[in-house]
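Overview (structure and organization)
Chain by chain, the residues run as shown.
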Amino acid sequence: MNDRLATRKAPVIAVDGPSGVGKGDVSQFLAATLGWRIMDSGALYRILAHKALASKVSTDDVPRLCALASDMEVNFTIEGDALQVIYEGMDIGDAIRREEVGVAASQLAVWPEVRLRVVRAQRRQRRAPGLVADGRDMGTEVFPDAELKLFLDASVEARARRRFEQLKALGFSVSLDSLLQSISQRDEQDRTRKHSPLVAAQDAIVIDTTRMARESVREQVLAIVQEKVQEKALDKQGQNAWSASAL
Ligand code: C5P
């Protein structure tokens, strides 16, 4: 489908922020509450990194990375509490969560030619009734016209601890120190890269979750969305009026 056409189709809530800040939890919660689609945009960079590692393609080899990135089709579904990432008929969610895949994803995500192909695949996820898009540049680059932009932030220590608990629950053995180091390194890479750096959109609502429990973050986000739903319902001209009945 033409990217532009897909872009006009459905409303988007962008949930951006650094690694381990809890975007995934907020996005799944919102998608389930609204009955919308969900996209973990980092999963597309991770799938590409996973493919590159498996076929021994360097994260600097732009032409081969572009070839691997073309026509990526991914499906996301929420099963209970878990997000399934279906690629080529298989759930590869666990395989792409490995830290080495995350580091490689961050390295290859610096190349604009590679990003262009990944962004095309991300925009194809914008379909009715709406999309909750979790990432780094959802509100700035991929969906600059998103109806609502949230930017979650937290200290690097709080994020390393959360990622540690998350990986432990999945059965991976990692040390907190090495996570702290790799998250700081990834932050630096993501915030300082030339193309699409990690930055809050000017019209994003920024929430610092360092001292907030998961439930409080969800409550705050839900209150913001409810306010937005009312605004949209009042805006009779709005082409993408949101359904208040969803909440
Ligand atoms: O979010 P996640 O940690 O899974 O993303 C892996 C890497 O992919 C990030 O460190 C970042 O470099 C890249 N990424 C990106 N833009 C996005 C999502 C992820 O550059 N929208």
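Overview of the structure. (Residues numbered from 1 in each chain as written. Predicted model: local features only at pLDDT ≥ 70, side-chain atom pairs only at ≥ 80, totals over all residues. Heavy atoms only, no water.)

**So, the overall build of the chain**
- Looking only at helices and strands, the chain has eleven helices and eight strands in total.
- Here the C-alpha atoms of the chain give a radius of gyration of 17 Å, agreeing with the 18 Å that 2.2 N^0.38 yields for 247 residues.
- Dimensions of the chain, computed from C-alpha atoms along their principal axes, come out at roughly 55 × 40 × 35 Å.
- In the chain, once contacts between residues fewer than 6 apart in sequence are set aside, the share between residues at least 24 apart is 75%.
- Accessible surface computed for the chain: about 12200 Å², of which carbon and sulfur atoms make up 49%. (Helix = DSSP H or I, 4+ residues; strand = E, 2+ residues; numbered from the N terminus. Rg over C-alpha atoms; globule rule 2.2 N^0.38 Å. Contact = heavy atoms within 4.5 Å. Areas by Shrake-Rupley, 256 points an atom, 1.4 Å probe, with all protein chains shown as cover.)

**Notes on the packing of helix H3 (residues 41–54) against helix H4 (residues 62–69)**
- Direction vectors running N to C along H3 and H4 enclose 120°, while the axes themselves pass 10 Å from each other. In terms of their interaxial angle, H3 and H4 are classed as oblique. Crossing geometry of H3 relative to H4 is assigned as right-handed. Of H4, the residues touching H3 (which contributes Leu48, Lys51 and Ala52) are Leu65, Leu68 and Ala69.
- Considering only residue class, the contact of H3 with H4 consists of five nonpolar, no polar and one charged. (Axes fitted to C-alpha atoms, helices over the stretch in contact; angles between N-to-C directions. Parallel < 35°, antiparallel > 145°, perpendicular 65-115°, else oblique. Left-handed = near helix turned anticlockwise from the far one by under 90°. Nonpolar A, V, L, I, M, F, W, Y, C, P; charged D, E, K, R; others polar.)

**Here's the deal with the environment of Phe164**
- Structurally, Phe164 is set in helix H9 (residues 156–169).
- As a C-alpha pair, Phe164 and Leu180 span 16 residues in sequence and 9.1 Å in three-dimensional space.
- Apart from the residues within four sequence positions on either side, Phe164 is in contact with Val174, Ser175, Leu176 and Leu179.

**Focus: the site of the ligand**
- Around the ligand lies a shell of 17 residues, among which Arg46, Arg115, Arg136, Asp137 and Asp190 are the nearest.
- Within the side chain of Ser41, an N or O atom sits 3.0 Å from a nitrogen atom of the ligand.
- Considered on its own, the ligand offers 450 Å² of accessible surface; in the complex 98% of this is hidden by protein.
- When residues in the shell around the ligand are grouped by element, the largest group, four residues, is from H3. (Near = heavy atom within 4 Å. Polar contact = N/O pair within 3.5 Å; in protein donor to acceptor, adjacent residues only side chain to side chain.)

**So, the packing of H3 against helix H7 (residues 112–123)**
- The geometry of H3 relative to H7 is characterised by a closest axis approach of 10 Å and an angle of 130° between their N-to-C directions. Between H3 and H7, the angle falls in the class oblique. Seen along the crossing, H3 lies across H7 with a hand that is right-handed. Across the interface between the two elements, Ser41, Leu44, Tyr45 and Leu48 of H3 pack against Val114, Arg115, Val118, Val119, Ala121 and Gln122 of H7.

**A look at the environment of Ala54**
- When you line up the elements, Ala54 lands in helix H3.
- Each C-alpha atom, one on Ala54 and one on Gln28, is 29 Å from the other, the two residues being 26 residues apart in sequence.

**Things to note about unusual backbone geometry**
- In this structure, Pro129 follows Ala128 across a cis peptide bond, with omega equal to 5°.
- By the secondary structure assignment, Pro129 is in the loop between H7 and strand E6 (131–135).
- Although it is not a glycine, Asp71 adopts a positive phi angle of roughly 60°.
- Classification of Asp71 by relative accessible area gives exposed; the value is 69%.
- Positive phi, normally seen in glycine, also occurs at Ser196, with a value near 50°.
- Among the secondary structure elements, Ser196 is positioned in the loop between helix H10 (176–192) and strand E8 (205–208).
- Ser196 sits in the buried class, given a relative accessible area of 14%. (Buried < 20%, exposed > 50% of the residue type's maximum accessible area, 1.4 Å probe, protein only.)

**Some words on the pattern of salt bridges**
- Considering all chains together, one arrives at 17 salt bridges under this definition.
- Salt-bridge contacts for Asp190 lead to Arg193; the nearest nitrogen and oxygen are separated by 3.5 Å.
- Given the relative accessible area of 3%, Asp190 is considered buried.
- The exposure class of Arg193 is buried, given its relative accessible area of 8%.
- Each of Asp25, Arg214, Glu215 and Arg218 takes part in one network of salt bridges that share partners. (Salt bridge = Lys/Arg side-chain N within 4 Å of Asp/Glu carboxyl O.)

**Considering the sheet that holds E8**
- In spatial order, the strands read E2-E6-E1-E7-E8; together these five strands make up an open sheet with parallel pairing. Two strands bound the open sheet, and with one partner strand each, they are strand E2 (37–40) and E8. The sheet shows a mean angle of 20° between the axes of neighbouring strands, direction not considered.
- Contacting E2 and E6, H3 crosses the sheet at an angle of about 45° to E2. (Pairing = 2+ DSSP bridges.)

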